[in-house]
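Coordinate inspection notes
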Amino acid sequence: VEQTYIMVKPDGVQRGLVGEIISRLERKGFKLTGLKLFQCHKELAEEHYKDLKTKSFYPTLIDYITSGPVVCMVWEGVGVVASARKLIGSTNPLQAEPGTIRGDLAVQTGRNVVHGSDSPENGKRETALWFKEGELCEWTPAQAPWLME
Ligand code: GTP
Ligand code: MG
């Protein structure tokens, strides 16, 4: 089943947006299978963002992600990776559409409140990176037959 790793970044936690962000994904109909508050250390941040290592903003990105607790989540469902990216909106919040999380709740790329995996492969990779075996919960939501025919 398709999985995506979604993370409320430190600014989202500090600004009290955790409930709002979870709520948007929950209302869409995806299934939450992992959830924790976590203080990310440098090594993990570097592994997570290793593809961006050569970018000029990389050091500030690592400082940002490790600057306070994050909320780590795994969401599952058909098409969840692309759909969550749509709900999140463009990387630059000033370009993100109204109605998206970043479009409604953020103003700057370097403080864009939430992360979402960009492919099903990265959804699996990031889930394995941020969650230990046994931390994920497989369950059948009561609403399942009312979401999918
Ligand atoms: P994520 O879901 O967090 O991976 O964002 P994304 O996929 O929309 O963007 P990308 O993977 O290209 O970049 C990862 C993160 O690096 C972004 O979400 C920003 O927080 C940060 N970032 C990207 N570009 C810039 C930039 O030009 N300046 C700064 N300060 N941060 C950037
Ligand atoms: Mg990305």
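Residues numbered from 1 in each chain as written. Chains lettered and ligands numbered in written order. Predicted model: local features only at pLDDT ≥ 70, side-chain atom pairs only at ≥ 80, totals over all residues. Heavy atoms only, no water.

What follows is about the pattern of salt bridges. For the structure shown, the criterion picks out seven salt bridges. Of the charged contacts in the structure, one is a salt bridge between Glu 138 and Lys 31, with a shortest N-O distance of 3.2 Å. Placement of the pair is Glu 138 in the loop between α7 (120–130) and α8 (144–147) and Lys 31 in strand β2 (residues 31–38), with a sequence separation of 107 residues. With a relative accessible area of 56%, Glu 138 lands in the exposed category. Judged by relative accessible area, which is 17%, Lys 31 ranks as buried. Measuring nitrogen to oxygen at the nearest pair gives 3.3 Å for the salt bridge that ties Glu 47 to Lys 50. The network of salt bridges with common partners includes Glu 20, Arg 24 and Asp 104. (Salt bridge = Lys/Arg side-chain N within 4 Å of Asp/Glu carboxyl O. Helix = DSSP H or I, 4+ residues; strand = E, 2+ residues; numbered from the N terminus. Buried < 20%, exposed > 50% of the residue type's maximum accessible area, 1.4 Å probe, protein only.)

Per the UniProt record, "domain: Nucleoside diphosphate kinase-like" (unreviewed entry) is found at residues 1–138. For residues 1–138, the helix share is 41%, the strand share is 17%, and the end-to-end C-alpha distance is 11 Å. (UniProt positions renumbered as here; feature names shortened; annotations may be inferred.)

Turning to helix α4 (residues 58–65), a few remarks are in order. Among all positions in α4, only Tyr 58, Leu 61, Ile 62, Tyr 64 and Ile 65 are buried. Each buried residue of α4 sits inside an arc of 160° when the element is viewed along its axis, so together they form one side. Check the buried side of α4 and you find it contacts β1 (3–8), α1 (10–14), α3 (42–48) and β3 (70–76). (Arc of directions from axis to C-beta. Contact = heavy atoms within 4.5 Å.)

Let's shift gears to the packing of helix α2 (residues 18–28) against helix α5 (residues 80–88). Contact geometry of α2 with α5 gives a least axis separation of 11 Å together with a crossing angle of 135°. Here α5 runs oblique to α2, going by the angle between their axes. Seen from above, α2 lies across α5 with right-handed handedness. Contacts between α2 and α5 involve Arg 24, Leu 25 and Lys 28 from the first element and Ser 83, Ala 84 and Leu 87 from the second. Across the contact of α2 with α5, the residue classes tally to three nonpolar, one polar and two charged. (Axes fitted to C-alpha atoms, helices over the stretch in contact; angles between N-to-C directions. Parallel < 35°, antiparallel > 145°, perpendicular 65-115°, else oblique. Left-handed = near helix turned anticlockwise from the far one by under 90°. Nonpolar A, V, L, I, M, F, W, Y, C, P; charged D, E, K, R; others polar.)

Moving on, we come to the site of ligand 1. Near ligand 1 you find 14 residues, and of these Lys 9, Arg 85, Thr 91, Asn 112 and Gly 116 are the closest. With respect to ligand 1, the side chain of Arg 85 contributes an N or O atom lying 2.7 Å from an oxygen atom. Considering ligand 1 on its own, with 590 Å² of exposed area, one finds that the protein chains cover 74% of that surface. Sorting the residues of the shell around ligand 1 by element identifies α4 and β4 (114–116) as the ones contributing at least two each. In terms of residue class, the shell around ligand 1 is built from five nonpolar, six polar and three charged. (Near = heavy atom within 4 Å. Polar contact = N/O pair within 3.5 Å; in protein donor to acceptor, adjacent residues only side chain to side chain. Areas by Shrake-Rupley, 256 points an atom, 1.4 Å probe, with all protein chains shown as cover.)

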